[in-house]
Amino acid sequence: MKWQRLTYRLCVVMLLCLAEGLMLTAYGQDIPRAERRRREGPLSDSISLSLETAPVSNQMLEDSLQKVGVSAKLWVPNPTKATWMALVIPGGGQIYNHKYWKLPIFYGGFVGCTYALTWNNRMYKDYAAAYKDAVNDNWSSSSITDLLPASYIRGTSKTQVTETLRKRKDMYRRYRDLSIFAFIGVYALSVVDAYVDAELSNFDISSDLSMRVEPTLLNGAGSFKSKQTVGVQCSITF
């Protein structure tokens, strides 16, 4: 059936997204850039560069920041708090990170998984009751006639009808279990997304990405320590 194939594809996509998020978390740095910037301050690099070049008073620094429209206090989400919010409240991590546009995605996943779980569980119970009646030779039971057409029951052997009920019972039980795993996958994905989003919230994505090649003088090496040679220096800014 079409909706059954759609359920399988949804489960596969959720599991792949969960694996990707776990890989990002597992192979992250010990002290990521966002965490280091939270400790040192978002403007620590620019401030330290200014202090090295020329002595500047705090008042002059604050005035310069205000002129360019940069606030000294920049709110940066805490990954630990975002993770706990996502664990306690579904979608709470996205709310804490101020990423409201992600809420319809995750809530839609929760609603879809809940609907699939409810539907497959109901069908499993119906076919389980019908299979039980078929095994007990209770062919006049409404649990069988409501699920299978009367013409099919009359024109097919009882063994074949019982086998059909058993296969469908097992099929809906499998789909029910997959729906549970899909729901857990969406929940875990929301937690990983909240953590990664908070961790990379202050990631440097400036457009200052360049490479400069220029000639330079290099000190001699080996037997030419007293001499200088001309070389090429390559510097990359990112």
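Further up the page is the structure itself.
The sections below set out a description of the structure shown in this document. Chains are numbered independently. Their residues run from 1 in the order of the written sequence. Under the rules for a predicted model, residues below a pLDDT of 70 receive no local features and side-chain atom pairs below 80 are neither given nor counted, while totals for whole chains, interfaces and linings still include all residues. To obtain the side-chain values, all non-hydrogen atoms of the structure were used and water was disregarded.

Only DSSP runs of H or I with at least four residues qualify as helices, and only runs of E with at least two residues qualify as strands; both kinds are numbered from the N terminus onward. What the chain contains, in helices and strands, is 10 helices and two strands. Counting from the amino terminus, helix and strand elements in the chain follow one another as α-α-α-α-α-α-α-α-α-α-β-β. Note on contacts: a residue pair qualifies if any of its non-hydrogen atoms lie within 4.5 Å across the two residues. Look at the contacts in the chain between residues 6 or more apart in sequence, and 59% of them connect residues 24 or more apart. Note on areas: these come from Shrake-Rupley sampling with a 1.4 Å probe, and a residue is covered only by the protein chains present in the view. Element-wise, carbon and sulfur atoms account for 61% of the exposed surface of the chain, whose accessible area totals about 16,500 Å².

Pairing of aromatic rings covers Phe, Tyr and the six-membered ring of Trp, with a centre-to-centre limit of 6.5 Å; geometry is then stacked below 30 degrees between planes, edge-to-face above 60, and tilted otherwise. Under the counting rule described, the total for this entry stands at three aromatic pairs. Plain terms: the ring middles of Tyr 107 and Phe 110 are 6.4 Å apart, the flat faces sit at 45° to each other, and that makes the pair tilted. Residue Tyr 107 and its partner Phe 110 are both found in helix α7 (residues 103–135); the two are separated by three residues, about one turn of the helix. Each residue gets one of three labels from its accessible area relative to the maximum for its type: buried under 20%, exposed over 50%, partly exposed in between, using a 1.4 Å probe on protein chains only. Using a relative accessible area of 8% as the deciding quantity, one classes Phe 110 as buried. With centroids separated by 5.4 Å and ring planes inclined at 50°, the aromatic side chains of Phe 110 and Phe 183 adopt a geometry described as tilted. Here Phe 110 is found in helix α7, whereas its partner Phe 183 is found in helix α10 (residues 158–199), with 73 residues between them in sequence. Taken together, the ring pairs in this structure connect Tyr 107, Phe 110 and Phe 183 into an aromatic cluster. The rule for a charge over a ring is simple: NZ of Lys or CZ of Arg within 6 Å of the ring centre, and within 35 degrees of the ring normal. We note Lys 169 situated over the ring of Tyr 131; from NZ or CZ to the ring centre the distance is 5.4 Å. Note that Arg 176 overlies the ring of Tyr 124, its terminal NZ or CZ placed 4.8 Å from the centroid.

An axis is simply a line fitted to the C-alpha atoms; with a helix, the fit covers only the stretch in contact. Between two such axes, the angle follows the N-to-C directions and lies from 0 to 180 degrees. Relative to each other, α7 and α10 sit at 160°, their axes nearing to 8 Å. Overall, the two elements α7 and α10 adopt an arrangement that is roughly antiparallel. As α7 packs across α10, the resulting crossing turns out to be left-handed. Residue type decides the class: Asp, Glu, Lys and Arg count as charged, Ala, Val, Leu, Ile, Met, Phe, Trp, Tyr, Cys and Pro as nonpolar, and the leftover types, Gly among them, as polar. The residue makeup of the contact of α7 with α10, split by class, is 23 nonpolar, seven polar and six charged. Working definition: roughly parallel below 35 degrees, roughly antiparallel above 145 degrees, roughly perpendicular at 65 to 115 degrees, and oblique for all remaining angles. Definitions for this section: a left-handed crossing has its near helix turned counterclockwise from the far helix by less than a right angle. A right-handed crossing has that turn clockwise.

The analysis is restricted to geometry; functional conclusions fall outside its scope.
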